[in-house]
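Chains, contacts and geometry: an overview
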Amino acid sequence: MIIGIDTSLGTAVAAIARDGEVLADEQSANALGHAEVIGDRLRRASQAAPPPTHVAIGMGPGPFTGLRVGIATARAFALGRGIPVVPVPSHDGIALGILLSDALTGTETPRFAVVTDARRKEFAYSVYDGIDDDGLPIRILDATLSPRDDLDARLAEAGAVRYDATSVSAAMVALAAARALDAGRELAGSEPLYLRSPDVVAAHAPKRVSA
């Protein structure tokens, strides 16, 4: 059983069986209240499923504070239970949901870009083209920042249809992790995908005053 956690947009927590059955799916669209809601959603998801064997973490792209809350919570939860964490790009979870939805309706999915709001008049986007033999989205361009006014031109150059996402399914993040585990693959490293530096930086050391 896999717990999925993502806080790159709102706050999402899910529990799925290794075969993909969704046992719990908790969502909050609030993009600022991660710390206030994540504990309760994690508790409810955990109570609705057997003890987890893995924790899947959505690694972004996303804002610094939001990602830190989700990743720290996921790592602490995993550490307390002695189980491994599986990092997953959040855009991969969105892409997997798009591909599976189209497959259910028999729709052919064109090359597409998952686009999320990165604030400051910028968007983050990743480009995908189909699904591979392991059942995972084929990412042909890793998450990249674009000024708002340049995005459509960039996507046209890449031949990608634009898909704007306002939420990330933790169940899809967990399912991507399950499929990666089955295939013996790693989808992301251990570092969050911030794409830009945090707003707050350490203060400079005080200047030395000579006598």
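Presented here is an overview of the structure given in this document. (Residues numbered from 1 in each chain as written. Predicted model: local features only at pLDDT ≥ 70, side-chain atom pairs only at ≥ 80, totals over all residues. Heavy atoms only, no water.)

A separate point is the sheet that holds strand 3 (residues 22-28). With respect to topology, 5 strands assemble into an open sheet ordered 3-2-1-4-5, the strand pairing being mixed. Bordering the open sheet on either side are strand 3 and strand 5 (85-88), each of which pairs with just one other strand. In this sheet, neighbouring strand axes are inclined to one another by 15 degrees on average, regardless of whether the strands run parallel or antiparallel. Inspection of the sheet shows strand 2 (residues 11-16) paired to strand 3 by 6 bridges, in the antiparallel sense. Residue V13 lies in a different strand from strand 3, and its bridge partner there is E26. Sheet strands in contact with helix 2 (residues 64-81) are strand 1 (2-6), strand 4 (54-58) and strand 5, and its direction is about 170 degrees off that of strand 4. (Pairing = 2+ DSSP bridges. Helix = DSSP H or I, 4+ residues; strand = E, 2+ residues; numbered from the N terminus. Axes fitted to C-alpha atoms, helices over the stretch in contact; angles between N-to-C directions. Contact = heavy atoms within 4.5 Å.)

Further remarks concern a nonpolar patch on the surface. Residues I138, I140 and L141 make up a contiguous nonpolar surface patch of about 210 Å² in total accessible area. On the secondary structure map, I140 appears in strand 8 (residues 137-147). A relative accessible area of 41% places I140 in the partly exposed class. (Patch = residues over 30% accessible without salt bridge, like charges linked within 9 Å, V, L, I, M, F, W, Y side chains within 5 Å. Areas by Shrake-Rupley, 256 points an atom, 1.4 Å probe, with all protein chains shown as cover. Salt bridge = Lys/Arg side-chain N within 4 Å of Asp/Glu carboxyl O. Buried < 20%, exposed > 50% of the residue type's maximum accessible area, 1.4 Å probe, protein only.)

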